[in-house]
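This is what each chain is made of:
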Amino acid sequence: MSTASGIDAIIKNTSNKDLLRIAEKIQHNERLSETEGVLLFEKGTLGFVGSLANYVAQKLHHNKVYFNRNFHIEPTNVCIFTCHFCSYSRQYKHRDEGWELSMEQMMDIVRKYDDQPVTEVHIVGGVHPKMNLEFFCELLQKIKAHRPSLHLKGFTAVELDYMFRKAKLSVEEGMMQIKEAGLESLPGGGAEIFDHKIRQQICADKVDGAGWLHIHETAHNLGMPTNATMLYGHIENYIHRIDHMSQLRQLQDKTNGFNCFIPLKYRSGDNDMSHHGEVSITEDMRLYAIARLFMDNFRNLKAYWPMLGRQNAQLSLSFGVNDLDGTIDDTTKIYSMAGSEEQTPSMSTEDLCNLITSVGKIPVERDTRYNELQVYNTETIA
Ligand code: V47
Ligand code: SF4
């Protein structure tokens, strides 16, 4: 644990004057510049960034680690876009190799959870040319009618951009329509890396960084919280990571509409970029820690365990992470298809709580907006 005396020790033992200045800034709650962010990637050892990140996370959350009870609906993996890192999608011409769920099949998934205390459904998938705004508004209305208390989180900015353009609506008009149908918040997908040159090389044909940010800003202005992601560990460099986080930090200053930041590690299984391989666990932990230090206006840093693997997600709790997402079952395929160790990602509440308590932290069930629903202690874990 990095306590106040812990940070004094870090400061005392740091000889590099730039790193020392960073540690002092963290101690005094001052914002890091982009140059300092890049410097942390270049010079900050795992021990240095990890201790500082732990200090910040402890100050914000003490020992609490959040999770929620949710399930996923993935309407289709047929997609008109051709992101080179994606192992999940199938082109429209090869749609017989993929899946396309009907309205009834999706409602069957919702009904499967009728007796379970889930609070959120996360709806996300490929961009199918025949699944349009009208279709998804009907789905949202049906789910709300069936279970009004379920929070509807859905659709990446990539899916929304396509739906709105196809319906010939502005982002503002489209967002109002889908909110009216029941959508309450947006997941963070589709952000990848905002830098134009890198984006052109990995996912040229979908909404660009400015478009992604505009969709999220519009949602925030309508009172809908959203998440933010960053796909890292492929062809980007440290400057691109900091630029991405900086753009998110600026929007958060303006709207305060982001719930959390979720770094997504590029997984190399079975896609066009497989030859790039994957970054090491040390690099993952350094990234979480630096995100915690740089993104000073994001309270919540999430490690998405189905992507990272549960042991690495557990490790990240000592590097600034305070959220492990949810008790998802095997309805999410995006990472198992990209080579994650989690082939059928499912964890019971008990498993998740044990994973958290075994590193000395306190599991707290939250809702989508991070209201605390239940603080677990050893007696309440069942
Ligand atoms: O945008 C696709 C990523 C994202 C790969 O908001 C890959 O709570 C790694 O955004 N290796 C979609 N990542 C998933 C997503 C998400 C996940 C969990 C929680 C939330 C949330 C959002 O998955 C895509 C892309 O960045 N992705 N392929 C891959 N091979
Ligand atoms: Fe389609 Fe999303 Fe895969 Fe890109 S990442 S190809 S938008 S499913």
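Residues numbered from 1 in each chain as written. Chains lettered and ligands numbered in written order. Predicted model: local features only at pLDDT ≥ 70, side-chain atom pairs only at ≥ 80, totals over all residues. Heavy atoms only, no water.

Caption draft 1: A look at the site of ligand 2. If you check the shell around ligand 2, you find Cys-79, Phe-81, Cys-83, Phe-85, Cys-86, Tyr-88, Ser-89, Gly-126 and Lys-206 and nothing else. Across the shell around ligand 2, the residue classes tally to six nonpolar, two polar and one charged. (Near = heavy atom within 4 Å. Nonpolar A, V, L, I, M, F, W, Y, C, P; charged D, E, K, R; others polar.)

Caption draft 2: The arrangement of the sheet that holds strand β4 (residues 151–154) in detail. As summarised here, the arrangement of the three strands in space is β2-β3-β4, forming an open sheet in which the pairing is parallel. Looking at the sheet topology across the chains shown, the edges are occupied by β2 (70–73) and β4. Geometrically, the sheet is characterised by an average inter-axis angle of 25 degrees between neighbouring strands, direction not taken into account. Bridge analysis of β2 against strand β3 (residues 120–123) gives four bridges, and the strand direction is parallel. (Pairing = 2+ DSSP bridges. Helix = DSSP H or I, 4+ residues; strand = E, 2+ residues; numbered from the N terminus. Axes fitted to C-alpha atoms, helices over the stretch in contact; angles between N-to-C directions.)

Caption draft 3: Spotlight on unusual backbone geometry. Despite not being glycine, Phe-155 has its phi angle at roughly 70 degrees, a positive value. The topology assignment puts Phe-155 in the loop between β4 and α7 (157–166). Judged by its relative accessible area of 0%, Phe-155 falls in the buried class. Positive phi is not limited to glycine here, since Asp-325 has a value of about 60 degrees. Along the polypeptide, Asp-325 turns up in strand β8 (residues 323–326). The exposure class assigned to Asp-325 is buried, which follows from its relative accessible area of 2%. (Buried < 20%, exposed > 50% of the residue type's maximum accessible area, 1.4 Å probe, protein only.)

Caption draft 4: Spotlight on the packing of aromatic side chains. Applying the stated rule across the entire model yields twelve aromatic pairs. Considering the side-chain rings of Phe-41 and Tyr-238, the 4.9 Å spacing of their centres and the 10 degrees angle between planes classify their relative orientation as stacked. Placement of Phe-41 in helix α3 (residues 34–43) and of Tyr-238 in helix α11 (residues 238–255) is noted, with a sequence separation of 197 residues between them. The class for Phe-41 is buried, based on a relative accessible area of 1%. Taking the centre distance of 5.9 Å and the plane angle of 80 degrees together, the rings of Tyr-66 and Tyr-370 count as edge-to-face. Here Tyr-370 lies in the loop between β9 (362–366) and β10 (372–375) and Tyr-66 lies in strand β1 (residues 64–68), a separation of 304 residues in the sequence. Residue class for Tyr-370 comes out buried when judged on its relative accessible area of 12%. Each residue in the set Phe-194, Trp-212, Phe-258, Phe-261 and Phe-298 is aromatic and connected to the rest through ring pairs, giving one cluster. Over the face of the ring belonging to Tyr-92 we find Arg-95, whose NZ or CZ atom lies 4.0 Å from the ring centre. The positively charged end of Arg-249 is found above the aromatic ring belonging to Phe-294, 3.9 Å away from the centroid. (Phe/Tyr/Trp six-rings, centres within 6.5 Å; stacked < 30°, edge-to-face > 60°. Lys NZ or Arg CZ within 6 Å of the ring centre and 35° of its normal.)

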